[in-house]
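Next come the chains, spelled out residue by residue.
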Amino acid sequence: MLRHYNDDDKFKKIIDEFILSSSDNESIKYILRNIDFEAFKLGISFYQMIFILIQKGVIHKRKSQL
């Protein structure tokens, strides 16, 4: 199970590395900007929003496998 995003510097490093490696991909940059904007609207950090989206994806995948 995933640990809470604030407790895991590895999680932040992985996200940062993904962003840096995707810097020339316009569609990914657009998606990341939207994620950042939604996080701002909710009053949460970008990393927390990414963490939430990953959790939702995991839950959805588990449900579809049942």
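In this report, the structure presented in the accompanying data block is examined. Not measured: the values here are computed from a predicted model.

Each value, and the rule that gives it
- Residues numbered from 1 in each chain as written.
- Predicted model: local features only at pLDDT ≥ 70, side-chain atom pairs only at ≥ 80, totals over all residues.
- Heavy atoms only, no water.
- Core = buried A, V, L, I, M, F, W, Y, C linked by side-chain atoms within 4.5 Å.
- Buried < 20%, exposed > 50% of the residue type's maximum accessible area, 1.4 Å probe, protein only.
- Helix = DSSP H or I, 4+ residues; strand = E, 2+ residues; numbered from the N terminus.
- Contact = heavy atoms within 4.5 Å.
- Polar contact = N/O pair within 3.5 Å; in protein donor to acceptor, adjacent residues only side chain to side chain.
- Axes fitted to C-alpha atoms, helices over the stretch in contact; angles between N-to-C directions.
- Parallel < 35°, antiparallel > 145°, perpendicular 65-115°, else oblique.
- Nonpolar A, V, L, I, M, F, W, Y, C, P; charged D, E, K, R; others polar.

The next point concerns the nonpolar core. By size, the foremost hydrophobic cluster in this structure holds nine residues: Phe-11, Ile-15, Leu-32, Ile-35, Ala-39, Phe-46, Met-49, Ile-50 and Phe-51. Mapped by element, the contributors of at least two residues to this core are helix H1 (9-21), helix H2 (26-42) and helix H3 (46-65). Beyond its immediate sequence surroundings of up to four residues, Ile-50 is in contact with Phe-11, Ile-15 and Ile-35.

By the element assignment, Ser-22 lies in the loop between H1 and H2. For Ser-22, a relative accessible area of 6% puts it in the buried group. Only 2.8 Å separates the side chain of Ser-22 from the backbone oxygen of Phe-18, close enough to count as a polar contact. Those residues within four positions of Ser-22 in sequence are excluded, and the remaining contacts are Ile-28 and Lys-29.

So, on to the packing of H2 against H3. Two elements in contact, H2 and H3, have axes whose closest approach is 8 Å; the angle formed by their N-to-C orientations is 105 degrees. By the angle between their axes, H2 is roughly perpendicular relative to H3. Judged by residue contacts, Leu-32, Ile-35, Asp-36, Glu-38, Ala-39 and Leu-42 of H2 engage Phe-46, Met-49, Ile-50 and Leu-53 from H3. Looking at the contact of H2 with H3 residue by residue, the class counts come to eight nonpolar, no polar and two charged.

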